[in-house]
Amino acid sequence: MNKALINTAWILGEKVMLALAGIFITVYVARYLGPSEFGLISLALAIVALITPMVKMGGDNVVFNRLARNRQSGLLLMAASTRVRAINFIIICVLLTVGAWFYFDTPKQRLVFSIIIWGSFFTTNEVYSVFFNSSLDSKFNTVAQNIALGIGVALKFAFIKLGATVGFFAAANIVQWAVSYFIKQHLFRKKTRDIAHTFKARSRRHSRHIVQVGIPLAISSLSIALYTRTDQIMLGSMLDETHVGWYSAALTLSQGWMMFPMALMTSWMVGINHAARNTDPSVFEHRIRRLFLAVFVVAVIPATLMGIFRVELIDMLYGEQYAPAAAALGVTVISSVFSVLGTSAFNVITVMGGYSFLLKKMLFVSALNIVLNYLLIPHYGLVGAAMSTLIAEILSAVVLNLFYRRGRVLRLQLTAFMGARSAPAPAG
């Protein structure tokens, strides 16, 4: 069996388990804490999503592409990325912790925020999953993630039974992230024991490369995070944390199924990287079309079902106190489809070297989304926030690709269904 298909199965296994257990415990915690305190945790996690691109400096994409082409050089780049991330993380978290004392009103809010922000070290500084994905060894990520998930679910379930306060649930997230981090670190060291000196080596040239190439990617990724998380942050600042809780409930459901297209995307990008070196551009374009086609089909089916039964889903899973989330869910499921398409286009454009284009596109979209949220939230509340993100996703995923390489990526997206025809070898 094709190794890429096996790798996809492992990634999918990880994503399915993570999604199902994650949705279950998130819903359970949301019902226990209520919209306000659940919204507080969701707001802190939204801030983590914003700082992650600044900490990573585009390292995941850069390191993945290098590892897929040259393992030795990729390990040097990976080591450089870990050092850059650690420095960025400390600087950003110190500034955010100071800012939290002025932004939040109560010690409880500051505590929850600080726990999650500093605990995000284990997600923002984790580079090992990139290594395993690039070498088609995603089974190691699956093992680590599922063990950590089991511990996280058990902790949260125990806290609910013990009647714990919101701070304990914030800490449970950190424990889960830390367990995953250390397991992957251990497996990585075992896997690379014979060449451990490569990863430990210090290369100023690779560090400079991470910074130089990573800055445009970091700003692009930050822009993506802005227009996908701005809605939650602005809902919190313009309305209240209860609205954030309702909105986060809708997001949990609308994004819960995205593990399927993301799993395909992660595995197939290895084949697309290989095809990028091929002298025949038809092979490269065929694999890209297949990627666009696959992620669209896998994304649109659950989104349609979820949109149709949104009221029943919210009532059954969250209860009456989350009823306002149903209106937002009808929009966020559509946004999620375009989000998947946008992520696949983002990955393809990085392979083509379009870092400058991504920077300009994402800056424009994120700025537009902030303006739209500012205009729509006061009038339409949750639905206004959801509509702002939907407009941003459509522009980013499809429309603005017209301006890259004379519309090459947009053309491949629009002709993606041609990828179903017989063509060159499968991705991998």
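Residues numbered from 1 in each chain as written. Predicted model: local features only at pLDDT ≥ 70, side-chain atom pairs only at ≥ 80, totals over all residues. Heavy atoms only, no water.

Draft legend 1. Broad picture of the environment of Phe292. Along the chain, Phe292 falls in helix 13 (residues 281–308). Take Phe292: its relative accessible area is 3%, and that puts it in the buried class. Taking the C-alpha atoms as reference points, Phe292 and Thr415, 123 residues apart in sequence, are found 9.3 Å from one another. What Phe292 contacts, discounting residues up to four positions off in sequence, is Leu341, Ser344, Ala345, Val348, Val409, Leu412, Gln413 and Ala416. (Helix = DSSP H or I, 4+ residues; strand = E, 2+ residues; numbered from the N terminus. Buried < 20%, exposed > 50% of the residue type's maximum accessible area, 1.4 Å probe, protein only. Contact = heavy atoms within 4.5 Å.)

Draft legend 2. Layout of the environment of Gln145. Summarising the element assignment, Gln145 is placed in helix 7 (residues 139–162). In the structure, Gln145 is positioned 36 residues away from Tyr181 in sequence and 8.7 Å away in space, judged by C-alpha atoms.

Draft legend 3. Here's a closer look at the pattern of salt bridges. Evaluation of the coordinates by the stated rule reveals five salt bridges. A salt bridge links Arg408 to Glu285; the shortest N-O distance between them is 3.1 Å. In this pair, Arg408 sits in helix 17 (residues 408–414) while Glu285 sits in helix 13, placing the two residues 123 residues apart along the sequence. Both residues of the pair, Arg408 and Glu285, belong to the buried class. If you follow the salt bridges from partner to partner, you end up with Glu285, Arg289, Arg408 and Arg411 in one network. (Salt bridge = Lys/Arg side-chain N within 4 Å of Asp/Glu carboxyl O.)

Draft legend 4. Just unusual backbone geometry, in detail. Unusually for a residue other than glycine, Arg405 sits at a positive phi of about 45°. Summarising the element assignment, Arg405 is placed in the loop between helix 16 (355–397) and helix 17. Of note, the phi angle at Arg406 is positive, near 55°, even though the residue is not glycine. Inspection of the secondary structure puts Arg406 in the loop between helix 16 and helix 17.

Draft legend 5. Fine view of the packing of helix 14 (residues 310–317) against helix 15 (residues 325–351). Running from N to C, helix 14 and helix 15 point in directions that differ by 130°, and their axes come no closer than 9 Å. If you check the angle between helix 14 and helix 15, you find them oblique. Handedness of the helix 14/helix 15 crossing: right-handed. Within the contact between the two elements, helix 14 uses Arg310, Val311 and Ile314 and helix 15 uses Ala325, Ala326, Leu329 and Gly330. Here the residues of the contact of helix 14 with helix 15 are counted per class, giving five nonpolar, one polar and one charged. (Axes fitted to C-alpha atoms, helices over the stretch in contact; angles between N-to-C directions. Parallel < 35°, antiparallel > 145°, perpendicular 65-115°, else oblique. Left-handed = near helix turned anticlockwise from the far one by under 90°. Nonpolar A, V, L, I, M, F, W, Y, C, P; charged D, E, K, R; others polar.)

Draft legend 6. Examining the packing of helix 3 (residues 71–103) against helix 4 (residues 107–119) more closely. As a packed pair, helix 3 and helix 4 sit with axes 10 Å apart at the nearest point and diverge in direction by 175°. As the angle between them shows, helix 3 and helix 4 are arranged roughly antiparallel. Within the contact between the two elements, helix 3 uses Phe89, Ile90, Cys93, Val94, Leu96, Thr97, Ala100 and Trp101 and helix 4 uses Arg110, Phe113, Ser114, Ile117 and Trp118. Grouping the amino acids of the contact of helix 3 with helix 4 by side-chain chemistry returns 10 nonpolar, two polar and one charged.

Draft legend 7. Focus on the packing of aromatic side chains. This structure, assessed with the given rule, holds 20 aromatic pairs. Ring geometry for Tyr128 and Phe188: centres 5.2 Å apart, planes at 40°, overall tilted. With Tyr128 in helix 6 (residues 128–134) and Phe188 in helix 8 (residues 166–191), the pair connects residues that are 60 residues apart, well separated along the chain. As far as burial versus exposure is concerned, Tyr128 and Phe188 are alike and both buried. Site record: aromatic cluster; members linked through ring pairs are Phe89, Trp118, Phe121, Phe122, Tyr128, Phe131, Phe132, Phe140, Tyr181, Phe182 and Phe188. (Phe/Tyr/Trp six-rings, centres within 6.5 Å; stacked < 30°, edge-to-face > 60°.)

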